[in-house]
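Below are the chains, spelled out letter by letter.
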Amino acid sequence: FSCSHLEEKTQWEHPKSGKRKRVAGGLPYGWEQETDENGQVYFVDHINKRTTYLDPRLAFTVEDNPVKPTTRQKYDGNSTAMEILQGRDLSGKVVIITGANSGIGFETAKSLALHGAYVILACRNMSRGNDAVQRILVEWHKAKVEAMTLDLASLQSVQHFAEAFKSKNVPLHILICNAAVFGAPWCLTEDDLESTFQVNHLGHFYLVQLLEDVLRRSSPARVVMVSSESHRFTEIKDSSGKLDFSLLSPSKKEYWAMLAYNRSKLCNILFSNELNRRLSPHGVTSNSVHPGNMIYSSIHRNWWVYTLLFTLARPFTKSM
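Residues numbered from 1 in each chain as written. Predicted model: local features only at pLDDT ≥ 70, side-chain atom pairs only at ≥ 80, totals over all residues. Heavy atoms only, no water.

Looking up the protein chain in an unreviewed UniProt entry gives the name WW domain-containing oxidoreductase, with the organism given as Fulmarus glacialis. The Sequence similarities (unreviewed entry) comment attached to the protein chain in UniProt states, word for word, "Belongs to the short-chain dehydrogenases/reductases (SDR) family." (UniProt positions renumbered as here; feature names shortened; annotations may be inferred.)

*Asks:* Is there a simple way to think about the environment of Y255 in this case?
*Replies:* With respect to the secondary-structure elements, Y255 resides in the loop between α7 (245-248) and α8 (257-279). By relative accessible area, Y255 is classed as buried at 15%. As for Y255 and E194, which are separated by 61 residues in sequence, their C-alpha atoms are 9.1 Å apart. (Helix = DSSP H or I, 4+ residues; strand = E, 2+ residues; numbered from the N terminus. Buried < 20%, exposed > 50% of the residue type's maximum accessible area, 1.4 Å probe, protein only.)

*Asks:* For this particular structure, what's the right way to read the packing of aromatic side chains?
*Replies:* Here a ring pair, both rings aromatic, is described through the centre-centre distance and the interplanar angle of the planes. Inspection of the entire model under this criterion finds three aromatic pairs. Judged by centre distance (4.8 Å) and plane angle (55°), the rings of F205 and F271 are tilted. In this pair, F205 sits in helix α6 (residues 195-217) while F271 sits in helix α8, placing the two residues 66 residues apart along the sequence. Sitting over the face of the ring of F106, R135 holds its NZ or CZ atom 3.9 Å from the ring centroid. (Phe/Tyr/Trp six-rings, centres within 6.5 Å; stacked < 30°, edge-to-face > 60°. Lys NZ or Arg CZ within 6 Å of the ring centre and 35° of its normal.)

*Asks:* It is not clear to me how the UniProt feature "domain: WW" (unreviewed entry) in the protein chain should be interpreted in this structure. Could you clarify?
*Replies:* Under the UniProt annotation, "domain: WW" (unreviewed entry) lies at residues 25-58. The span residues 25-58 is 0% helical and 38% strand by assignment, and the distance between its end C-alpha atoms comes to 11 Å.

*Asks:* I'm lost on a positive patch on the surface in this one. Help?
*Replies:* A cluster of basic residues, K74, R88, K93 and R222, forms a positive patch on the protein surface. Position of K74 relative to the elements: it lies in helix α1 (residues 71-74). (Patch = residues over 30% accessible without salt bridge, like charges linked within 9 Å, V, L, I, M, F, W, Y side chains within 5 Å. Areas by Shrake-Rupley, 256 points an atom, 1.4 Å probe, with all protein chains shown as cover. Salt bridge = Lys/Arg side-chain N within 4 Å of Asp/Glu carboxyl O. Lys, Arg positive; Asp, Glu negative; His and termini not counted. Charge placed at Lys NZ, Arg CZ, Asp CG, Glu CD.)

*Asks:* Mind showing me how you'd approach the side chain of D36 here?
*Replies:* Summarising the element assignment, D36 is placed in the loop between β4 (31-35) and β5 (41-45). Of the side chains with opposite charge, R57 lies nearest to the buried D36, which makes no salt bridge, at 16 Å. Of the polar contacts made by the side chain of D36, one reaches the backbone nitrogen of N38; its length is 3.0 Å. What D36 contacts, discounting residues up to four positions off in sequence, is Y42 and Y53. (Polar contact = N/O pair within 3.5 Å; in protein donor to acceptor, adjacent residues only side chain to side chain. Contact = heavy atoms within 4.5 Å.)

*Asks:* Can you help me understand the packing of helix α3 (residues 103-113) against helix α4 (residues 126-139) in this one?
*Replies:* A pair of packed helices is captured by two measures, namely the crossing angle of their axes and the spacing between those axes. Taken N-terminus to C-terminus, the directions of α3 and α4 make an angle of 40°; their axes are 10 Å apart at the nearest point. By the criterion of interaxial angle, the relationship of α3 to α4 is oblique. Pair α3 / α4 crosses with right-handed handedness. On the side of α3, the interface is formed by F106, A109, K110 and A113, while α4 contributes A132, R135, I136 and E139. Residue composition of the contact of α3 with α4, by class: five nonpolar, no polar and three charged. (Axes fitted to C-alpha atoms, helices over the stretch in contact; angles between N-to-C directions. Parallel < 35°, antiparallel > 145°, perpendicular 65-115°, else oblique. Left-handed = near helix turned anticlockwise from the far one by under 90°. Nonpolar A, V, L, I, M, F, W, Y, C, P; charged D, E, K, R; others polar.)

*Asks:* Which parts of the structure should I look at to understand the nonpolar core?
*Replies:* Soluble globular proteins tend to pack their nonpolar side chains together in the buried interior. In terms of nonpolar packing, the biggest core is built from 31 residues, with I96, F161, F165, L172, L175, L211 and V223 touching the most fellow members. For this core, the secondary-structure elements that each account for two or more residues are β8 (94-98), β9 (118-123), α5 (155-166), β11 (174-177), α6, β12 (221-226) and α8. Broken down by element, the residue count for this core peaks at seven residues, all from α6. Those residues in contact with L211 that sit more than four places away from it in its chain are I96, A162, F165, K166, L172 and L175. (Core = buried A, V, L, I, M, F, W, Y, C linked by side-chain atoms within 4.5 Å.)

*Asks:* I tried to follow the environment of I136 on my own but got confused; where do I start?
*Replies:* Along the chain, the position of I136 falls in helix α4. On the basis of relative accessible area, I136 is assigned to the buried category, the value being 0%. Put simply, I136 and L114 are 22 residues apart on the chain and 8.0 Å apart in space, counted from C-alpha to C-alpha. Once you skip the residues sitting within four places of it in the chain, I136 turns out to touch F106, A109, K110, A113, A143 and V145.

*Asks:* Explanation requested: the sheet that holds strand β13 (residues 284-289) in the structure shown.
*Replies:* Note: strands within a sheet are paired through backbone hydrogen bonds, in either parallel or antiparallel orientation. In spatial order, the strands read β10-β9-β8-β11-β12-β13; together these six strands make up an open sheet with parallel pairing. Only two strands of the sheet have a single partner each, and these edge strands are β10 (144-149) and β13. For this sheet, the mean inter-axis angle between neighbouring strands, taken without regard to orientation, is 15°. Here four bridges tie β11 to β12, and the two strands are oriented parallel to one another. Looking at β12, one finds that I174 is bridged to R222. Lying on the sheet, α3 is in contact with β8, β9, β10 and β11; it crosses β8 at an angle near 170°. (Pairing = 2+ DSSP bridges.)

See below:
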């Protein structure tokens, strides 16, 4: 490698291929650049509590004038959230993630917080939410994270959460609707609606409606609905092709947990598509995502059959 003191850049040139590499992008999460009393730059790793004069970005060199890879080439099933966010600075961005105290929601919250975003973990259980906040702060004490109460099985709780968030007078750049129940037995919420439908879809639908004005004012902003490929294995229309509302919040006699989950995920996608159609002209985009098959998380805790299935599949699937 060679150091150019004129350009103040470190670069490598392969003696045979002629390929060149250089340091680029932001510092890895947890690192900060400081200057000592002699004016020399050094780097502080807050996570591992160490100091070095060696630029940590040397581990993430890039090719000079590289051919831009396609998305499929750049990321695959082994990619982590931290790898995808590498080099991004999300300082000043405000994010709300529902169900962020465990599983995919927690990993998302942690990754965004470690890259500078102010992340609000919207959780039903405040004790678990505060524990999740502390786990993130252990990794980086300067992370901006906070837990707030949100019970999607209560429309009143959704309203209270939206009011509490608005009282902070901060923007909202990213809203990730992640919370969900799976394999839950039939029960009605305090709003007299079937719980899987309300928690997975209707509660999020209401939350987005209540925060729509903040999202618009914060544009460019985005909404992400965590859906599932299982939406393909159900239908919400009657024999004449019209929407059958009785399928969305079925009676106990007509209830099957897997179908209820699939229908709620289909509702997520239909809502996301229509939301994007209405709000994208105003700088607010909406996307629905499939997080992956059989990722081992706590979503299957309500049904022992699926707990067994997830446990057996665990060695062959992506972990957190």
